[in-house]
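Okay, here's what each chain looks like letter by letter:
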Amino acid sequence: MLFESCKIVGHVDGPRLLVTAGVHGDEWEAMIAVRRLAETLRPEEIRGRVTLAPILNVSAYRASRRVGEDGLDLARTIPGVRDGSPTQQVAFQFTKLLDDADYYVDLHTGGVRLSIWPLAGYLIHSDHAVLETQRLMARAFGLNAVWGTDPTVEGRTLSAARDRSVPAIYVEYLGSGIFCPIAVQALVTGCKQVMAALGMVRLNESCSKPRFFAEDARPGAGHLQASHPAPVDGLFETIVAPGDLVESGDVIGHLTADACGARQPISADRGGRVVAIRTLPRIQAGEAMAVIAPFEEIQDG
Ligand SMILES: [Zn+2]
């Protein structure tokens, strides 16, 4: 295998859960959280089996960047090729792990470039039972927001899960390359809350609950790399933070173009919550400056 994984086999038969991180090599809190799970989950406390893979794309991790040494984004490469380039091989080997799972959780952060609102997301699956289980898992994770999006995307870990009808969620938690211990704790706790919701562990503590919800099946919904593309190379100064509520036309930052030094305001192209914001100032034309989407607030009870 091109990446490490470990299995924690419970003393009682039950569901098989796969948890991964390091699809992108610069999302470190997610990797630490998976290692923390490997250290703290005990076989006698588990019903079923948990497979933990902390760093899927090792060549991306070694270079501290999103993509592998071959320049490929693992989240656009699945299902991969058995004898392909390094990232294609990782993609292929990931699908073998997934073939052996009943449920799947994929942990991410915004990496060094983005800060992303803590959320649990899923593809709006055409099979109602799969979709309901994904909603259950996303709510159980207990982050700020739950976000169901375009089910037609290809190349993602969740695309492979969709094709196998394996209920799957992905999780995002801030980013920007500054170590965030709260993120590690929230990701560990969230995974345990999903396991509790699936009947794999018992938890004594009460679970945190999401406050915001959205489902949007339109093409492109949920794409974190293609929204508000920078028109030119330059330096981006954000003035908003993940979770902020903005209206269409609100200024969310300023972009200073390399070519002429002119500083122009960047406006929100729709109203809603700031799901992701570019926090690394250096930006190239076409890269996302922000992702904004409408969410409804979940009423208690
Ligand atoms: Zn990622």
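Details of the structure are given in the entry above.
Residues numbered from 1 in each chain as written. Predicted model: local features only at pLDDT ≥ 70, side-chain atom pairs only at ≥ 80, totals over all residues. Heavy atoms only, no water.

Asks: I keep staring at the packing of helix H1 (residues 28-40) against helix H6 (residues 181-197) and nothing clicks. Help me out?
Replies: Two quantities define a packed helix pair, namely the angle between the axes and the distance from one axis to the other. Put simply, H1 and H6 touch, their axes get as near as 8 Å, and they point 50 degrees apart. Comparing the axis directions of H1 and H6 gives the class oblique. Note on packing geometry: the crossing formed by H1 with H6 is right-handed. Contact residues: Glu29, Ala30, Ile32, Ala33, Arg36, Leu37 and Thr40 in H1; Ala183, Val184, Leu187, Val188, Cys191 and Lys192 in H6. Within the contact of H1 with H6, the residues separate by chemical class into nine nonpolar, one polar and three charged. (Axes fitted to C-alpha atoms, helices over the stretch in contact; angles between N-to-C directions. Helix = DSSP H or I, 4+ residues; strand = E, 2+ residues; numbered from the N terminus. Parallel < 35°, antiparallel > 145°, perpendicular 65-115°, else oblique. Left-handed = near helix turned anticlockwise from the far one by under 90°. Contact = heavy atoms within 4.5 Å. Nonpolar A, V, L, I, M, F, W, Y, C, P; charged D, E, K, R; others polar.)

Asks: Looking at this model, I keep getting lost on the pairing of strand E4 (residues 103-107). Mind explaining?
Replies: On any regular strand, side chains alternate: one points to one face of the sheet, the next to the other face. The buried fraction of E4 is high, at five of five residues. Inspection of the sheet shows strand E2 (residues 12-20) paired to E4 by four bridges, in the parallel sense. Residue pairing across strands places Val19 opposite Val105, the latter belonging to E4. The pairing of E4 with strand E7 (residues 168-175) spans four bridges and is parallel. Across the sheet, Leu107 pairs through a bridge with Val171, a residue of E7. (Buried < 20%, exposed > 50% of the residue type's maximum accessible area, 1.4 Å probe, protein only. Pairing = 2+ DSSP bridges.)

Asks: It is not clear to me how the environment of Arg66 should be interpreted in this structure. Could you clarify?
Replies: Looking at the secondary structure, you find Arg66 in the loop between helix H2 (58-62) and helix H3 (86-99). You can call Arg66 buried: its relative accessible area is 19%. Along the chain, Arg66 and Glu45 lie 21 residues apart, while their C-alpha atoms are 35 Å from each other. Apart from the residues lying within four places of it in its own chain, the contact partners of Arg66 are Val23, His24, Gly25, Asp26, Glu27, Ala60, Asp73, Arg76 and Gln225. For Arg66, the side chain forms a polar contact with the side chain of His24, separated by 3.3 Å. Separated by 3.0 Å, the side chains of Arg66 and Asp73 make a polar contact. (Polar contact = N/O pair within 3.5 Å; in protein donor to acceptor, adjacent residues only side chain to side chain.)

Asks: Where do I start with the layout of surface pockets in this structure?
Replies: By rolling a water-sized probe across the atoms, one finds the places where empty space is left. Approximately 680 Å³ is the volume attributed to the largest pocket. Contributing to the lining of the largest pocket are 37 residues, with His24, Arg66, Arg76, Leu224 and Gln225 lying nearest its centre. Broken down by secondary-structure element, the contributors of at least two residues to the lining of the largest pocket are strand E5 (114-123), helix H5 (157-163) and E7. Broken down by element, the lining of the largest pocket gets its largest block of residues, three residues, from E5. Within the lining of the largest pocket, the residues separate by chemical class into 13 nonpolar, 11 polar and 13 charged. Both domains that meet at the lining of the largest pocket, namely domain 1 (6-216) and domain 2 (234-297), each give it at least three residues. (1 Å grid on protein atoms, 1.4 Å probe; cavity = no way out; pocket = protein on both sides within 12 Å on 5 of 7 lines; lining within 4 Å. Points joined across faces, edges and corners; volume = space filled by probe spheres on them. Domains from an automatic or database assignment.)

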